[in-house]
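Topology and contacts: notes
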Amino acid sequence: MSTANGGYYLPEPSPWPVIMSSGVFITALGFILQMNGYAPGPWLMLAGVVIIVYIMFRWFGQVIGESEAGVYNEQVDMSFRLGMGWFIFSEIMFFAAFFGALFYVRVFSVEWIGATDMLWPDFVAHWPTAGPEGLKAIAADTEPGPGQFSPMGAWGIPAINTAILLTSGATVTAAHWALKKDDRGSLVFWLAITSLLGVVFLSLQAYEYAHAWTELDLTMSAGVYGATFYLLTGFHGFHVTMGTIMLIVILIRSMKGHFKPDQHFGFEGVAWYWHFVDVVWLGLFVFVYWL
Amino acid sequence: MSEAAHHHPTGLSRWLFTTNHKDIGTMYLVFAFMMAIIGGLMSLVIRAELFEPGLQLVDPNFFNQMTTVHALVMVFGFVMPAFVGLANWMIPLMIGAPDMALPRMNNWSFWLLPPAATLLIISLFVPGGGPAAGWTLYPPLSIQGGMGMDFTILTVHMLGISSILGSINIIATILNMRAPGMALMKMPLFVWTWLITAFLLLAAIPVFAGAVTMLLTDRHFGTQFFDAAGGGDPVLFQHIFWFFGHPEVYILVLPAFGVISQVIPTFARKPLFGYSSMVFATAAIAFLSFIVWAHHMYTVGMPVAGELFFMYATMLIAVPTGVKVFNWVATMWRGSMTFEAPMLFAIATVFTFTMGGVTGLMLALTPVDFQYHDTYFVVAHFHYVIVGGSVLGLFTAVYYWLPKWTGHMYSEVVGKWHFWLTMIGINLTFFPQHFSGLAGMPRRIPDYALQFAEFNMWSTYGAFLAVFSQLIFFYLVWKTVKGGEKATDQVWEGAEGLEWTVPSPAPYHTFETPPKVS
């Protein structure tokens with residue numbers, strides 16, 4: 001164990017961050033090469049991701065070990081809370097860029113292309129659109145003919161997924177209450193339900209993507225509608241994937257007897273993150289699917 | 001005892017694995033000044049080509065790569081990391097904390113930088129060369145460029161992760177690690193400006209990450225965010241970019257404001273005039289920085305209502321900035337001033353930054369900007385702000401705290417030579433650019449009309465003087481690290497604050513038991 005300075009835990013020198021950086025570098029280099037058609041690209045990416053995942057195991061493993069050994073006092077706990085809270089804030093700003101792009105094209109730029117007689121005099125501004133030279137948008141969830149795409153309607157899978165995520169927000173809170181009452185059985189039960197809901201959400205999302213891509217001709221190339229649709233739902237889906245993995249990790253930790261009724265930041269951090277992906281989804285449901 | 005060995009790993013692994021805020025701060029500063037050398041040499045390529053009209057040294061595409069990479073290196077590789085380095089070194093010392101709140105993450109924040117910089121440098125050597133679209137990366141140029149642009153985009157992502165993690169750490173440290181009695185409104189101004197800067201970073205950097213991600217998918221994955229044929233709009237990128245970009249310029253300069261708010265009271269031997277108004281002015285600048293972005297885009301074809309809103313909002317920034325300048329001057333008023341190198345640099349910062357601020361007000365006027373837009377007037381303006389504000393502020397900080405870091409006094413004579421040659425150099429470089437810009441010389445152009453020849457010649461002389469004067473600075477820092485007159489704990493007669501209560505050089509671990517602040 002290291003120095004506890006005035007009670008605040010200061011870790012020993014650690015090899016994990018610098019190895020993590022090399023993993024990130026190799027992944028980035030591989031990604032660039034892959035996008036530009038160089039053969040080693042995918043292999044470098046694979047190697048980089050393996051390094052990243054391995055280091056995450058070791059680094060988080062060490063933090064969990066230190067936490068369970070009881071070296072973190074309340075002040076350290078507060079540092080973690082501030083860290084996670086502001087990390088989520090930065091994630092919100094990341095999504096804000098894509099929501100901003102969506103609002104800008106819907107409110108301004110598509111209108112402007114329709115309003116001008118230059119370049120495309122016949123273009124009529126209407127959302128959804130793939131632009132004056134893109135596929136023509138038809139009614140939602142209908143089979144497109146040649147030169148057409150069909151946007152995604154709100155009241156099929158997206159509505160079901162909304163219900164699933166809202167329910168999972170409630171179940172993770174039930175798990176939290178159980179943890180605070182030291183009811184380990186209910187804690188594991190509700191966490192398992194929450195993780196399962198996450199997996200079901202992702203499965204339905206995957207099905208929806210396949211349906212959109214192959215049957216509705218709604219691809220990333222379907223103009224600015226396809227671009228905003230896939231980037232917004234795609235990054236959200238990635239965050240749900242991360243959240244689900246985090247839920248499964250704290251589920252396993254709960255089964256091992258980790259967390260105390262009065263000290264369980266690892267649990268709360270994941271719960272905050274889960275509520276964050278939930279709220280982002282509500283924005284997506286309203287502005288991407290529904291309105 | 002093995003604990004001592006534990007705390008001082010030696011050789012390379014000390015620096016690779018360290019979780020110590022002073023080690024990490026030192027690495028940030030060394031990295032930043034290495035980047036400054038690279039970026040400075042690139043600026044000399046630009047100035048050498050512009051010494052005379054006509055194309056003589058480099059081809060235009062390479063010239064554009066130089067302007068682009070010079071800016072990216074200086075903004076993201078030099079100024080930002082240098083101030084994070086100062087934050088790492090000084091914030092725990094100034095608030096009486098044993099270290100940063102999250103030391104392992106702190107190490108990661110730094111060690112993301114060298115690989116990111118490597119990606120950016122590699123981009124210059126790949127087919128098609130480095131990014132040549134300007135640091136603002138506007139589409140469609142940035143979509144048409146070669147794979148160097150992909151290197152740039154991934155560089156931005158890695159630097160972004162580093163900045164976000166660093167900011168989280170700074171916020172957690174300031175809010176959670178202050179010594180008992182160190183109330184928020186007792187914190188040194190440098191700590192305050194960094195707290196607010198960290199909020200700016202957390203709100204702005206992820207938006208930039210989103211913008212370059214859209215560039216990347218437009219380049220390689222078939223999306224049409226910035227293509228009107230698909231319903232998108234290239235101007236959309238400019239809006240998102242400058243939503244990040246304008247707060248970014250305050251990210252560069254607010255910590256410098258903090259530094260000179262420490263230094264001027266020390267050498268005027270008076271408390272800072274208007275402490276709380278300084279804090280609120282900083283917060284007001286930070287808030288306003290998020291609602292003025294489109295003043296970078298007056299000529300893009302915005303609705304008149306937009307032009308007017310952004311013009312008035314921009315001019316409002318002059319109010320809190322004016323409060324700050326007034327307070328610095330009022331602090332000096334009737335003080336017992338002495339003019340050691342940090343004080344010289346601090347006063348110069350106030351002076352040259354204010355000149356950049358005044359040209360900023362000129363550029364804020366929409367109808368006037370229609371004339372100035374994309375001319376050398378803009379180049380002169382932002383170099384007065386960034387070199388005259390941020391970089392001089394950085395030198396202020398280094399001279400001020402170098403004795404605390406090294407335990408030695410630097411040579412005041414050498415420091416003054418560095419100061420005066422730098423001042424002459426940068427003013428000779430950038431002052432004539434106001435005139436060439438007003439006369440209509442466009443920026444980012446390797447060749448120009450004959451009537452601008454004289455201004456450009458002065459500019460080039462100035463740039464070579466300014467860059468080579470920095471050799472004096474590196475010599476001075478090297479000599480001070482190696483030896484010199486022993487520095488006292490307080491170092492400066494008028495210095496106040498917790499960092500001056502610890503020995504010089506500051507021991508590896510400080511404030512292991514928190515000090516009491518009355």
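Since this is a predicted model, take the numbers as computed values, not measurements.

Once that is clear, we can look at the interface of chain B and chain A. In many reports, interface size means the accessible area that the parts give up when they come together. Between chain B and chain A, the contact holds 56 residues from the first and 57 residues from the second. Put simply, the parts of the chain that give the side of chain B that touches chain A at least two residues each are α2 (11-17), α5 (103-111), α6 (113-123), α8 (148-176), α9 (189-220) and α10 (234-268) of chain B. A breakdown of the residues in the side of chain B that touches chain A according to their chemical character gives 35 nonpolar, 16 polar and five charged.

Attention now goes to the environment of Thr-19 of chain B. Its location among the elements puts Thr-19 of chain B in the loop between α2 and α3 (21-49). Placed 443 residues apart in sequence, Thr-19 of chain B and Gly-462 of chain B show a C-alpha to C-alpha distance of 41 Å. Apart from the residues within four sequence positions on either side, Thr-19 of chain B is in contact with Leu-10, Pro-11, Glu-12, Pro-13 and Ser-14 of chain A together with Pro-103, Arg-104, Asn-106 and Asn-107 of chain B.

All names here are of chain B. With 35 residues, α10 extends 51 Å between its outermost C-alpha atoms, agreeing within 8% with the 51 Å of an ideal straight helix rising 1.5 Å per residue. Its axis deflected by about 30 degrees at Trp-242, α10 carries its strongest bend there. Summarising burial for α10: 33 of the 35 residues are buried, a large majority. At the exit of α10 stands Arg-269, carrying a positive phi of roughly 55 degrees.

Attention shifts here to helix α4 (residues 60-95) of chain B. Residue and element names in this part refer to chain B. The end-to-end C-alpha distance of α4, which contains 36 residues, comes to 50 Å, matching closely the 52 Å that a straight helix rising 1.5 Å per residue would cover. The largest bend along α4 reaches roughly 30 degrees and is located at Met-74. Among the 36 residues of α4, 32 are classified as buried, and the element is accordingly described as predominantly covered. Once α4 finishes, Gly-96 follows within two positions and takes phi at roughly 75 degrees, a positive value.

This part covers the packing of helix α1 (residues 16-35) of chain A against α8 of chain B. Taken N-terminus to C-terminus, the directions of α1 of chain A and α8 of chain B make an angle of 155 degrees; their axes are 10 Å apart at the nearest point. Classified by the interaxial angle, the pair formed by α1 of chain A and α8 of chain B is roughly antiparallel. Here α1 of chain A and α8 of chain B pass one another in a crossing that is right-handed. Residue-level contacts link Val-24, Ala-28, Phe-31, Ile-32 and Met-35 of chain A of α1 of chain A to Asp-150, Phe-151, Leu-154 and Met-158 of chain B of α8 of chain B.

A separate point is the confidence of the model for chain A. Averaged over every residue, the pLDDT of chain A is 95; residues scoring 70 or more account for 98%. Every residue in residues 1-5 of chain A scores below 50 in pLDDT, and together they form ten contacts with partners more than four places removed in sequence or on other chains.

For the rest of this paragraph, the subject is unusual backbone geometry. Note that the residue after Trp-127 of chain A, namely Pro-128 of chain A, is joined by a cis bond; omega there is 5 degrees. Relative to the elements of secondary structure, Pro-128 of chain A occurs in the loop between α3 (74-115) and β3 (136-137). Each neighbour pair has its own omega, and for Pro-139 of chain B with Pro-140 of chain B the value is 5 degrees, a cis peptide bond. Within the secondary structure, Pro-140 of chain B is located in the loop between α6 and α7 (141-144). One non-glycine residue, Phe-511 of chain B, adopts positive backbone phi at about 55 degrees. Checked against the element boundaries, Phe-511 of chain B lands in the segment after α18 (453-482).

Rules behind the numbers
- Residues numbered from 1 in each chain as written.
- Chains lettered and ligands numbered in written order.
- Predicted model: local features only at pLDDT ≥ 70, side-chain atom pairs only at ≥ 80, totals over all residues.
- Contact = placed C-beta atoms within 7 Å.
- Helix = DSSP H or I, 4+ residues; strand = E, 2+ residues; numbered from the N terminus.
- Nonpolar A, V, L, I, M, F, W, Y, C, P; charged D, E, K, R; others polar.
- Expected span 1.5 Å × (residues − 1).
- Bend = angle between axes of the 7 residues up to and from the residue.
- Buried ≥ 20, exposed ≤ 12 C-beta atoms within 10 Å, placed from the backbone.
- Axes fitted to C-alpha atoms, helices over the stretch in contact; angles between N-to-C directions.
- Parallel < 35°, antiparallel > 145°, perpendicular 65-115°, else oblique.
- Left-handed = near helix turned anticlockwise from the far one by under 90°.
- pLDDT = per-residue confidence, 0-100.

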